[in-house]
Amino acid sequence: MSSNASPRGTAVLLLAIVIGAWGVNWSVGKVVLEHVTPIWATTLRMVPACIVLWVVLPASGRLAVPTRHDLPVILSVGLLHMVAFSVLAALGLQYLSAGRSVVLAYTTPLWVLPAARFFLGEAFTARRAAGLGLGVAGLLVLLQPAAVDWRDADVVRGHGLILLAAACWAACIVYGRAHRWTTPPFQLLPWQMLLASIAQLLLALAIEGVPRIAWSMELVALLGYSNLIGTVLAYWAMNTVNRDLPASVTSMGLLGVPVVGLLAADLALGERPDGALLLATGLIVAGIAISTWVRRSRR
């Protein structure tokens, strides 16, 4: 990258990298589940990424010791997002297609709207209501009986797990808005990942036992992508993006993740999205876009 590139131009490029990394990661995760049980799959993604951060940050002098005021947000992000969201999404992904899973997971901002109104007292404007209405309409299209076989217990389980994952992520976001930050978010990342790594490891051992994994170069490459690209690079890039771009641009940009997720699932896994999935994706993305634009523009 040119040293003459502006911080804003670099941040836009990094945002594009994040969108691609997280969108593709759902297809990667789907293939990993063919070789590894769900909780171990998340553990094998988180633990090596945590080790990388704990090597890089101290060497760069950017490792900060958290204060007492940082502990609630370390717990919130570490347990609600990195553990609950990741584990529940992986459990749900084993029952659903990667494309449908990423769209369900990225309904998270829809749940943030009413939660922020109830817990934080944020205004619930007409446009926010319209955005929420569009998003819920998309969810109804996605969950209609014509698009989902609700007689299949695994299908019901998969949808429920991923929607619960989205709710956990929403709770993390709402708490993050209320939290009074004393340490920059990226400097708390290694502590959040350390907590998540320990929790996931204990969960994996308690629930799934000692893993029996048939290692292959394909599996190593897939886990390497999830570790280095989908986790370490993506989180580092998001830190830069959040610093150098307006929050509204970042929020709108991340709406590209489910779109990339659908495209990746189509190209890599042969998952052809049907009309209902495409319509639902459009409605959900439009609803979140309207809600996000209104929220940021009023600041």
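Remember, it's a predicted structure, so these values are computed and weren't measured experimentally.

**Digging into the packing of aromatic side chains**
Aromatic ring pairs: the centre-centre distance and the angle between the two ring planes describe each pair. Taken as a whole and judged by the stated rule, the model has 5 aromatic pairs. Taking 4.9 Å as the distance between ring centres and 80° as the angle between the ring planes, the aromatic pair formed by Trp54 and Trp191 counts as edge-to-face. Here Trp191 lies in helix H8 (residues 185–208) and Trp54 lies in helix H2 (residues 38–60), a separation of 137 residues in the sequence. Residue Trp54 is classed as partly exposed on the basis of its relative accessible area of 25%. Residues Phe118 and Phe119 carry aromatic rings whose centres are separated by 4.9 Å and whose planes lie at 85° to one another, so their mutual orientation is edge-to-face. On the accessibility criterion, Phe118 (67% relative accessible area) is exposed. Members of the aromatic cluster, each reached through a chain of ring pairs, are Phe85, Tyr106 and Trp169. Here Arg157 stacks its cationic end above the ring of Tyr95, 5.6 Å away from the centre of that ring.

**Quick notes on the confidence of the model for the protein**
Mean pLDDT for the protein: 89, with 95% of residues reaching 70 or above. Here helix H10 (residues 247–253) is the element of the protein with the lowest mean pLDDT, 74, and helix H4 (residues 98–105) is the one with the highest, 96. Taken together, the stretch residues 1–5 has pLDDT below 50 and engages in 3 contacts with residues farther than four places along the chain or on a different chain. Overall, residues 294–299 carries pLDDT values under 50, and its contacts beyond four positions in sequence, including any with other chains, amount to 11 contacts.

**A word on the side chain of Ser76**
By the secondary structure assignment, Ser76 is in helix H3 (residues 71–93). Once you skip the residues sitting within four places of it in the chain, Ser76 turns out to touch His81, Cys172 and Tyr175.

**Some remarks on the pattern of salt bridges**
Within this structure, the stated rule accounts for 5 salt bridges. One salt bridge in this structure joins Asp149 and Arg151, with 3.1 Å as the shortest N-O distance. Classification of Arg151 as exposed rests on a relative accessible area of 77%.

**What about helix H1 (residues 7–32)?**
With 26 residues, H1 should reach 38 Å at 1.5 Å per residue; the first-to-last C-alpha distance of 36 Å fits that figure. Roughly 30° is the biggest bend found in H1, and it falls at Asn25.

**Observations concerning the nonpolar core**
The tendency in soluble globular proteins is for nonpolar side chains to be buried as a group. In this structure, Trp22, Trp26, Val32, Tyr106, Met193 and Leu254 are the most contacted members of the largest nonpolar core, which totals 80 residues. The element contributing the most residues to this core is H3, with 11 residues. Among residues more than four places away in sequence, those in contact with Leu254 are Leu15, Val18, Ile19, Trp22, Tyr106 and Met238.

**Let's talk about the side chain of Thr281**
Structurally, Thr281 can be placed in helix H12 (residues 275–297). The exposure class assigned to Thr281 is buried, which follows from its relative accessible area of 5%.

**Thoughts on a nonpolar patch on the surface**
A surface patch of nonpolar side chains, amounting to about 270 Å² of accessible area, comprises Ile51, Val55 and Val56. By the secondary structure assignment, Val55 is in helix H2.

**Some points on the packing of H2 against H8**
Contact geometry of H2 with H8 gives a least axis separation of 8 Å together with a crossing angle of 150°. As judged from the angle between their axes, H2 and H8 are roughly antiparallel. Every pair of crossing elements has a handedness; the one defined by H2 and H8 is left-handed.

**Points about the environment of Val12**
If you trace the backbone, Val12 turns up in helix H1. Separated by 265 residues in the primary sequence, Val12 and Leu277 place their C-alpha atoms 28 Å from one another.

Rules of the game
Residues numbered from 1 in each chain as written. Predicted model: local features only at pLDDT ≥ 70, side-chain atom pairs only at ≥ 80, totals over all residues. Heavy atoms only, no water. Phe/Tyr/Trp six-rings, centres within 6.5 Å; stacked < 30°, edge-to-face > 60°. Helix = DSSP H or I, 4+ residues; strand = E, 2+ residues; numbered from the N terminus. Buried < 20%, exposed > 50% of the residue type's maximum accessible area, 1.4 Å probe, protein only. Lys NZ or Arg CZ within 6 Å of the ring centre and 35° of its normal. pLDDT = per-residue confidence, 0-100. Contact = heavy atoms within 4.5 Å. Salt bridge = Lys/Arg side-chain N within 4 Å of Asp/Glu carboxyl O. Expected span 1.5 Å × (residues − 1). Bend = angle between axes of the 7 residues up to and from the residue. Core = buried A, V, L, I, M, F, W, Y, C linked by side-chain atoms within 4.5 Å. Patch = residues over 30% accessible without salt bridge, like charges linked within 9 Å, V, L, I, M, F, W, Y side chains within 5 Å. Areas by Shrake-Rupley, 256 points an atom, 1.4 Å probe, with all protein chains shown as cover. Axes fitted to C-alpha atoms, helices over the stretch in contact; angles between N-to-C directions. Parallel < 35°, antiparallel > 145°, perpendicular 65-115°, else oblique. Left-handed = near helix turned anticlockwise from the far one by under 90°.

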